[in-house]
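A structural walkthrough
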Amino acid sequence: MMRAGMAAILSHWRRHPVQLAMLLAGLMLATALWTGVQAINAEARASYARAAAVLGQDRLERFVAEGAARFDQAAHVALRRAGWPVSPVLEGRIRAGGLRLTVLGVDPLTAPPQSGLAGLAAQGGFLRFITPPGEVLAHPVTAARLTEAALPGGPAIRAAEGVPEGTLIADIGIAQAMLDAPGQVSRLLIAAEVPAGLPDWREIAPGLVREAPEGAGDLARLTDSFHLNLTAFGLLAFAVGLFIVHAAVGLAFEERRGTFRTLRALGLPGGRLAALLAGELLLFAVVAGGAGVVLGWLIAAALLPDVAATLSGLYGAAVPGSVALRAEWVAAGLAIAVAGTLAAGAQALWRIARLPVLAPARPRAWAMAAAGGLRAQAAAAGALAVAAGALAVRGDGVVAGFALIGCLLLAAALALPVALHLALRAAAARVRGVLAEWFVADTRQQVPGLSLSLMALMLALAANVGVATMVASFRATFTGWLDQRLAAELYVTARSPDEGARLASFLAARAEAVLPIVSAEAVLDDAPGQVFGMADHATFRDAWPLIAAAPDVWDRVAAGTGVLVNEQLWRRAGLRLGDPLPLPGGALPVAGVYSDYGNPAGQAILGLADFDRRFPGLPHQAFAVRTADPAGVAEAVTAAFDLPPDRVLDQAAVKRFSLAVFERTFAVTGALNLLTLGVAAVALLASMVTLGAMRLPQLAPVWAAGLTRGRLAALEMARTLMLAALTAVLALPVGLALAWVLLAVVNVQAFGWRLPLHLFPGDWAVLFAAALAAAALAAALPVRRIARLAPADLLRVFAHER
Amino acid sequence: MLLDVDGLTKTFATAEGPVAVLRGVSFALDAGQSLALTGESGSGKSTLLHCVAGLEPFDGGAVRIGGADLAGMGEAARAALRRRTVGLVFQQFNLIPSLTAGANLAFQARLAGRHDPAFCAHLAARLGLSGLLDRYPEQLSGGQQQRVAIGRALAARPALLLADEPTGNLDETTGDAVMDLLLDGVAEAGAALLMVTHSMRLAARLGGRLHLAQGRIA
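Presented here is an overview of the structure given in this document. (Residues numbered from 1 in each chain as written. Chains lettered and ligands numbered in written order. Predicted model: local features only at pLDDT ≥ 70, side-chain atom pairs only at ≥ 80, totals over all residues. Heavy atoms only, no water.)

Moving on: the overall build of chain A. Within chain A one finds 27 helices and 20 strands. Considering chain A as a whole, with its 802 residues, one finds that 53% of them fall into the buried category. By sequence separation, contacts in chain A at least 24 residues apart represent 79% of the contacts at least 6 residues apart. As displayed, chain A has an accessible area near 32,200 Å², and 63% of this comes from carbon and sulfur atoms. (Helix = DSSP H or I, 4+ residues; strand = E, 2+ residues; numbered from the N terminus. Buried < 20%, exposed > 50% of the residue type's maximum accessible area, 1.4 Å probe, protein only. Contact = heavy atoms within 4.5 Å. Areas by Shrake-Rupley, 256 points an atom, 1.4 Å probe, with all protein chains shown as cover.)

This is the structure we're talking about:
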């Protein structure tokens, strides 16, 4: 019985291959985008875990300095002498060969075996590793992009598979030279087995604190919001894909009502029928889900280089550019395909299970079913809008931000058919002329059938408007901020303290002002951060991008009685102007706040003299140079000191580089936007193809009354374009609301900065055109079919055998 | 002569090879005349009606309506001829589901540019539809829907009315009532009527009868 029933059910698809293709395509695309994003996230997280494992942070306790990023290695010597099994690690960042690199200095002799360091160093012999110029271990990809001359001190570079990308591992002595941190260490790793009866470490090294292992490490925490962002995009794309599946499944079920009634009348119980249909859906989910996983892998491989650039640009996280096949996202992709398909088909299955044996077999237009649902839909949209409002006012955290976005988008999607219904009702009362009246009336009848795909289109368009507005607002703000922040015409960095001193005198004779740039790593608000020293000069007083400041901010900073903090630190620590900020050498009241985009860490700026007092001995090696002739000064400096190009940067070059990083950072967002719009176009195509068969009885009488097939096809295209245009118009305010949430809520939670909302009507026009193009593409095939309908097919509508 | 069908042939391509449905059918019909078209199922009655209406192209012969030969016309010209000259009534009613009964009734007349609200109101009254004009097709019974379809065909004042088993989906009583209205309407409009029917009883009510058998007039 079951086999015969299944054969009868599946026979529908043999006669409707295009409908089947649409169902499978929708499911495949939905799974692909979701899986692609998951694959990217999995790859990035595996890379963070790899980095944490090599550093030993995920397993080993450590000693760190209280309130400072580094401390004197004398503490290490004292603890070793007392019998403590500790091993020093120095960690710092350098920029070399155009790469941002993490330098990790280790002592291969004392490194605990669990840290994974000793094995690495042993691969090539200790002597070469520990004696100057030394040797650094790097991931083969990183090694291939570096030359020895690019690294300070010129150590040899050796490729080693176990090292994370973007990290260099060196002997601690070599690393101290490379990072210009003589005698300094960042932490002391404690071996897993600590002998009993050792003297109290607090007495041996009083400035240190003992910390637990960090687990996945800082990077995983820092990048969480970015990955949540990607996941949200993946989920949105998946939801858009499910609209296709829901529409296709629902309409296929409606079309087979006659078959279902016959099967029930012939003795197949309703429960069995529902089980058979669930089995059919399961089969589709596995087939299309499998294909989607493969497609997702390809999407991930295409997008990962841009994601890697984003992670590197925003967080300094190194992620490889290729995607490995991982069981976790393959299984998750298939599972979500099955769950999504069953969810999309649940309503139809429920109806079938409860279908009375003598239910009418006439295919029931979605219009009739949906008419009563409009009010419920409007009520649900209203409730969700209220929830979104409540989240906007009371919500806290990135998750609340995304919940707000979810409520907003769902409310808008549910409200769309209601809005279209009202707009078309108003149009029906105004249009004159028989064709126009029929056109509007017929469109009203089509809206319920197309509403799911129009919702998908609206979600895609709103996401496009929202994300594009956010990115463009960010770009506009960022460009202005760069102009303020990079006020000096030239930036020069010496290779050593001596060279720095000579450079300062050389520049002083040729430039209008030479402003030292000094910085030190420090703990700010219980997290790693940076403290800068800033010279008191009109360059900064006039242009620095302050977003909040005390009236005499610059005088107080120059006098050492106030400190500037970046927006991230300000928001994270909940600081107000005048609040004291704990700093190495004593707290200072916050005198001003500045915007600092593209940097996740906290930052504080002191007056130069105050900085030198708090961080004595730090040389002045980098300078911002004010000059009317940057090219001439750059040429003179390069000639006199033989400085490489990356140490003499003019303002335009820095801006170019920064903007290039910025564009690459958001390339992945643009790609996902485009893919989501593509899925929405497929959703529209799926609905129109599926509705195509139901259109014949609606079009045939009009054709018989004297309208050509070409005219009907043109009207069908006009209808699709009109609905797409209406949807796009309604998507605009939703997209702008989304942009506001992204800029004012999610960005603040995820990155620590808030951006002003800029409006870009030109971009909207482009998107509007793109929406119409997507709709025209989606309608092209169904419209062509109408234009080429055989008269016999139309006549069948009038014939008895229909 | 309003309608002149001369040696009409039509062949359908099927999986088993070409099947000749009409094999040289000829007849004529003048204004005000009515003709029943009878025959077994599959004898080609509906195909003949569709060819005469310009809904289906034919292979050979001629169909002239008011002197204009459909054979030489493109789709647009045939559609224009249908709008202005031909009224169609089908067995399946085939109203436009998105329009009210009133809008359906006036539809073709408006398309043809001959909309006369007073005449439409008169037709609606004659067909017993006056209280039903705001309803949608799905809200009407089969007999009511067919009366709207007849009203739609007559409202454009066509010279030729083609009906394909207009009462085939109705019970006998309703069918007779609808038939009365159709014949009265045609007579009032002075149109010619060509009607396909299986019923000898109904065929007898028309001015003449053509019997088709295997694609030929028997």
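Having seen it, we continue.
Let us look at a nonpolar patch on the surface. All names here are of chain A. Where nonpolar side chains cluster on the molecular surface, the patch consists of L282, V286 and L342 and spans about 230 Å² of accessible area. Along the chain, L282 falls in helix α11 (residues 270-315). You can call L282 partly exposed: its relative accessible area is 39%. (Patch = residues over 30% accessible without salt bridge, like charges linked within 9 Å, V, L, I, M, F, W, Y side chains within 5 Å. Salt bridge = Lys/Arg side-chain N within 4 Å of Asp/Glu carboxyl O.)

What follows deals with the sheet that holds strand β10 (residues 216-217) of chain B. All names here are of chain B. On the basis of which strands lie adjacent, the open sheet formed by six strands has the order β6-β7-β8-β3-β9-β10 and mixed pairing. Since the sheet does not close on itself, it has two edges, and those belong to β6 (86-89) and β10, each with one partner. Pairing between strand β3 (residues 34-39) and strand β9 (residues 208-213): five bridges, direction parallel. By the bridge assignment, G39 is partnered in β9 with L212. Docked against the sheet, helix α1 (residues 45-52) engages β3, β7 (160-164), β8 (192-196) and β9, running at close to 150° with respect to β7. Against the sheet, helix α6 (residues 172-189) touches β7 and β8, its axis set at about 155° to β8. (Pairing = 2+ DSSP bridges. Axes fitted to C-alpha atoms, helices over the stretch in contact; angles between N-to-C directions.)

This part is about the pairing of β9 of chain B. Residues and elements named next belong to chain B. The side-chain alternation of β9 yields one buried face, formed by G208, L210 and L212, and one unburied face, formed by R209, H211 and A213. In this sheet, β10 lies alongside β9 in antiparallel orientation, the contact comprising two bridges. Directly across from L212, in β10, lies its bridge partner I217. Taken together, β9 and the strand that follows it, β10, pair antiparallel across an intervening segment of two residues, in which Q214 is found at a positive phi of about 50°.

On to the interface of chain B and chain A, then. If you look at the interface, chain B gives 26 residues, while chain A gives 27 residues. Between chain B and chain A, the buried area comes to about 2,400 Å², and carbon and sulfur atoms account for 60% of it. Per-residue buried area on chain B facing chain A is highest for L55, E75 and R110 of chain B; these three make up 22% of the total on that side. Our count for the contact surface shared by chain B and chain A stands at two salt bridges. In this structure, the salt-bridge partner of R110 of chain B is E437 of chain A, at a minimum N-O distance of 2.6 Å. Viewed at the interface, chain A and chain B are joined by five residue pairs in polar contact (both at pLDDT 80 or more). Mapped onto the side of chain B that touches chain A, the elements with two or more residues apiece are α2 (75-85) and α3 (101-111) of chain B. Considered class by class, the residues forming the side of chain B that touches chain A number twelve nonpolar, seven polar and seven charged. (Buried area = accessible area lost by both parts, 1.4 Å probe. Polar contact = N/O pair within 3.5 Å; in protein donor to acceptor, adjacent residues only side chain to side chain. Nonpolar A, V, L, I, M, F, W, Y, C, P; charged D, E, K, R; others polar.)

Let us look at α6 of chain B. All names here are of chain B. The terminal C-alpha atoms of α6, which comprises 18 residues, lie 25 Å apart, in line with the 26 Å expected from a rise of 1.5 Å per residue. Along its buried surface, α6 packs onto α4 (117-126), α5 (142-155), β7, β8 and α7 (200-203). Sitting at the amino-terminal end of α6 is D171, which places a side-chain oxygen 3.1 Å from the backbone nitrogen of T173. (Expected span 1.5 Å × (residues − 1).)

Here the focus is the packing of aromatic side chains. All names here are of chain A. Inspection of every chain in the model, using the stated rule, returns seven aromatic pairs over all chains. Residues F63 and W84 carry aromatic rings whose centres are separated by 5.6 Å and whose planes lie at 70° to one another, so their mutual orientation is edge-to-face. Residue F63 is located in strand β1 (residues 62-65), and its partner W84 is located in the loop between α3 (74-81) and β3 (86-96); the two are separated by 21 residues in the primary sequence. The class for F63 is buried, based on a relative accessible area of 0%. For W84, a relative accessible area of 6% translates into the label buried. A network of ring pairs unites the aromatic residues F63, W84 and W201 as a single cluster. Over the face of the ring belonging to F506 we find R510, whose NZ or CZ atom lies 3.7 Å from the ring centre. (Phe/Tyr/Trp six-rings, centres within 6.5 Å; stacked < 30°, edge-to-face > 60°. Lys NZ or Arg CZ within 6 Å of the ring centre and 35° of its normal.)

So, on to unusual backbone geometry. Here the phi dihedral of D180 of chain A falls at roughly 55°; this positive angle occurs in a residue that is not glycine. For D180 of chain A, the location among the structural elements is in the loop between α7 (172-178) and β8 (184-185).

Below, the discussion takes up the pattern of salt bridges. For the coordinates displayed, the defined rule picks out 26 salt bridges over all chains. The closest approach of N and O atoms between R626 of chain A and E489 of chain A, which form a salt bridge, is 2.9 Å. Taken together, the positions of R626 of chain A in strand β19 (residues 622-626) and E489 of chain A in the loop between α16 (434-485) and β11 (490-493) put the pair 137 residues apart, joining distant regions of the chain. When the shortest N-O distance is used, the salt bridge between D180 of chain B and R205 of chain B registers 2.4 Å.

What follows deals with the packing of helix α15 (residues 398-430) of chain A against α16 of chain A. Residue and element names in this part refer to chain A. The geometry of α15 relative to α16 is characterised by a closest axis approach of 9 Å and an angle of 150° between their N-to-C directions. What the angle tells us is that α15 and α16 run roughly antiparallel. The interaxial crossing formed by α15 with α16 has right-handed handedness. Along its contact with α15, which presents L409, A412, A413, L414, L416, P417, L420, H421, L424, R425, A427 and A428, the element α16 presents V440, T443, R444, V447, S451, L454, M455, M458, L459 and A462. Tallied by class, residues from the contact of α15 with α16 come to 17 nonpolar, three polar and two charged. (Parallel < 35°, antiparallel > 145°, perpendicular 65-115°, else oblique. Left-handed = near helix turned anticlockwise from the far one by under 90°.)

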